[in-house]
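Breakdown of the fold
In case you want the letters, here they are:
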Amino acid sequence: MPSVAAAESVRSPPPTPWRLLARAVTGNPLSLLAGAMLVLFLGAALFGPALAPHDPLLTNASRTLAPPSADHWFGTDQLGRDIFSRVLAGTRVDFLIALGSVSLAATLGTTLGMCAGFLGGRTDRLVGRAMDMLMAFPLFVLAMAIVAALGNSVANIVCASALINLPFYVRLARTETGVLRQAGFIEAARLSGARTPRILRRHVLPNLLAPLSVQASLNMGWAMLNAAGLSFIGLGLRPPAPEWGLMVSEGAGYVVSGEWWVPLFPGIALMLSVLTFNLLGDTLPAVVDPRRR
Amino acid sequence: MGPLLELRNVSKVYPTKRGSLHAVDGVDLDIFAGESVGLVGESGCGKSTLARLVARLADPTGGTIHFAGRPIGAIPAAAFAGQPERGRIQKVFQDAGDSLNPRITVAESIAEPLELLRGLSDPRARHHRVAELADLVALPRACLDRYPHQLSGGQRARAGIARALGSEPSLLVLDEPTAALDVSVQAVILRLLADLRARLGVSYLFVSHDLQVVRLLCPRIAVMYLGRIVETGDTATVFAQPQHPYTRALLSAAPGGRHGPRIRLDGEVRSPINPPPRVCRFHGRCPQGRPECTESAPALRPTPPGTLAACHFPSATPPNPPS
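Cut-offs used in this document
- Residues numbered from 1 in each chain as written.
- Chains lettered and ligands numbered in written order.
- Predicted model: local features only at pLDDT ≥ 70, side-chain atom pairs only at ≥ 80, totals over all residues.
- Helix = DSSP H or I, 4+ residues; strand = E, 2+ residues; numbered from the N terminus.
- Buried ≥ 20, exposed ≤ 12 C-beta atoms within 10 Å, placed from the backbone.
- Contact = placed C-beta atoms within 7 Å.
- Pairing = 2+ DSSP bridges.
- Domains from an automatic or database assignment.
- pLDDT = per-residue confidence, 0-100.
- Nonpolar A, V, L, I, M, F, W, Y, C, P; charged D, E, K, R; others polar.
- Core = buried A, V, L, I, M, F, W, Y, C linked by C-beta atoms within 7 Å.

1. Some details on the overall build of chain A
Regarding its fold elements, chain A presents 11 helices and zero strands. When the helices and strands of chain A are read in sequence order from the N terminus, they spell out α-α-α-α-α-α-α-α-α-α-α. Its C-alpha atoms give chain A principal-axis dimensions of roughly 90 × 50 × 30 Å. A total of 293 residues make up chain A; the buried ones form 44% of that total. If you take every contact in chain A between residues at least 6 apart in sequence, the share linking residues at least 24 apart comes to 69%.

Take a look at the structure:
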């Protein structure tokens, strides 16, 4: 039957991951922009302190509140510190907090959600009730309470931020797993001799990556705002640490007296990084999901 | 030698809000080594549930299942993955697309039972065996590094069969393996299945609603109605001299019209929820139902042509002339 043989012929060869990434990024100008900004921010986070033209902590009483100039691109603050250097140096700590809390929340939340969704029954009820309890608190207030109780170190801010984001991952993973559990390939995996841990790791988790990557990317933005928010109200990092939220908080009062650059530049950095992660959330599924190739 | 698979009084009852749903109700079935048995019946008669019970993907609520003499019915389905019988009973799914993980390549799907059930831990040996299996089912090797959505329906069906054969099963449960395929591809896949059985000597439990397919592939047939087997025996004999009124109606409804005038079944299928134990399941739809049929449910009994039928009045109408 030649016609059938032709219909069953082979289609184009599978593309490599790098080609996929390249295609996803170049295919959409917004993705390209997000990619470029991410590279910029990551560069600043890694090499920021080394690249900074001035010491971000060095005060200079003779040059307080100087407007942006060739020497101080973003101007100086009330203690004469170079705002450009401080914004650059702040990238690392803000990204560290966001990345730390998101990875922690995503890992723990996905594991819990997968188990709840796949095993059902008591596990599901237990995890569900725990998350309901967590969600019953105003989340930001909960984070404030944790940091206030445990002390405001970077580790505590990461943990508090991770905890308030946990329910979102648990819910997402639980719902998606509940749908996947019915899929034929899960039954086929059992038939192939796979036990539950292997099924979760090899068959469920890869199918959760696309929605999770979107969630994680959006979450990075929230986590940054969260960390900045905690610092803004005085529960995050302490002065004189160069941190965006803290810098906005410290500079907020100067807007009224005309020194707008003090809070503006760290604010813009914060806004751009949140935007970057939101835009990335649209790009990632195209890379992670083979069906969208 | 005893049968390879022996089902005795196997039931699957699902609790529902309105009562207990008897999906499979007291089924006896033997499959011998190398034999191919066709299981036919209309939608909702419980044939897919029975296939899942035999493949040990679901737990029976009653009765016993013996495989090669060993009782396997009481082992929970989740724990059956670790049993030595897991590799010996495999299943080919109705929807091959749904049965392949969209996130892993076809080769990885086929390799999984090789690793877990055959203990093939060396990736190169596994790769070699995957290629062999692909050749066995005539799946182009170039398809192996692809994802399921990049394959055609026929290629996916071949991949599903290759995976099921990887653990070298002695019993293959085929749950309407061609129902999701185009007619032209169906014929090719059915030929492949017939060819594989001849070459490998695997037993088939072939679930289908297509009587012609069963007639071509299975020397023995079991007709199921509302959770029970109503007639079973040699396929040619059942086709030539159907004894149960339901079998007669089923045959008369088959396209081709070679089985006499069409028998129309009036009335509704009885509910599988809390069925009265003493009433014949077919009563109410049966063209020859009598009061006796509501007093005791018929069991499978030998009939003159040598088949088994569960009817108080087998062959009450003259048999159809052989086609």
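2. A look at the sheet that holds strand E9 (residues 220-225) of chain B
Residue and element names in this part refer to chain B. Within the open sheet, the eight strands sit side by side as E6-E7-E8-E3-E9-E10-E12-E11. Their pairing is mixed. Each end of this open sheet is capped by a strand with a single partner; those strands are strand E6 (89-92) and strand E11 (301-302). One ladder, built from five bridges, connects strand E3 (residues 36-40) with strand E8 (residues 203-208); its direction is parallel. The residue bridging valine 37 from the neighbouring strand is leucine 205, located in E8.

3. Section: the pairing of E3 of chain B
Residues and elements named next belong to chain B. In terms of burial, E3 is a largely internal element, five of the five residues being buried. By the alternation rule, side chains of E3 split into Ser36, Gly38 and Val40 and Val37 and Leu39, which are all buried. For E3 and E9, the ladder comprises four bridges, and the chain directions are parallel. Counterpart to valine 37 in the pairing with E9 is arginine 220.

4. Remarks on the domain arrangement of chain B
Residues and elements named next belong to chain B. Taken domain by domain, chain B holds domain 1 (1-88 + 170-323) and domain 2 (89-168). Its C-alpha centre places domain 1 at a distance of 29 Å from the equivalent point of domain 2. Taken together, the contact pairs 22 residues of domain 1 with 19 residues of domain 2. Counting residues per element, the ones that place at least two in the side of domain 1 that touches domain 2 are strand E7 (171-175) and helix H5 (183-200). In terms of residue count, E7 provides more of the side of domain 1 that touches domain 2 than any other element does, five residues in total.

5. Description of the confidence of the model for chain A
All names here are of chain A. Taken residue by residue, chain A gives an average pLDDT of 84. The fraction at 70 or more is 91%. Within chain A, helix H8 (residues 184-191) carries the highest mean pLDDT (93), whereas helix H1 (residues 2-7) carries the lowest (42). Low pLDDT, under 50, characterises residues 1-11; the stretch is placed with 12 contacts to residues that sit more than four places away or in other chains.

6. Observations regarding the interface of chain B and chain A
Facing the 37 residues of chain B at the interface are 25 residues of chain A. Listed by contribution, the elements that provide at least two residues to the side of chain B that touches chain A are E6, helix H2 (106-117), helix H4 (153-165) and H5 of chain B. When residues in the side of chain B that touches chain A are grouped by element, the largest group, four residues, is from H2 of chain B. Residues that form the side of chain B that touches chain A fall into these classes: 17 nonpolar, 11 polar and nine charged.

7. A look at the nonpolar core
Core analysis: the biggest nonpolar cluster contains 166 residues, and Leu205, Phe206 and Val223 of chain B have the highest contact counts within it. The element that contributes the greatest number of residues to this core is helix H4 (residues 83-119) of chain A, accounting for 17 residues. Looking at which domains feed residues into this core, each of domain 1 (1-88 + 170-323) and domain 2 (89-168) of chain B supplies at least three. For valine 223 of chain B, the residues in contact, after removing those within four places along its chain, are Val40, Gly41, Ile229, Val230, Glu231, Thr232, His244, Tyr246, Thr247 and Leu250 of chain B.

8. Examining helix H1 (residues 47-54) of chain B
All names here are of chain B. The buried count for H1 comes to six of eight residues, which makes it a mostly enclosed element. Those residues of H1 lying buried are Lys47, Leu50, Ala51, Arg52, Leu53 and Val54. Arginine 56, located one to two residues past H1, shows a positive phi value of around 60°.

9. Remarks on unusual backbone geometry
Residue and element names in this part refer to chain B. The backbone of asparagine 9 sits at a positive phi, close to 55°, despite the residue not being glycine. Within the secondary structure layout, asparagine 9 lies in strand E1 (residues 5-16). For asparagine 9, a count of 12 C-beta atoms within 10 Å translates into the label exposed. In the Ramachandran plot, asparagine 274 falls in the positive-phi region, its phi being about 45° despite a non-glycine side chain. As for its position among the elements, asparagine 274 is in the loop between helix H8 (245-253) and E11. Taking the C-beta count within 10 Å as the criterion, asparagine 274 has 13 such neighbours and is therefore assigned partly exposed.

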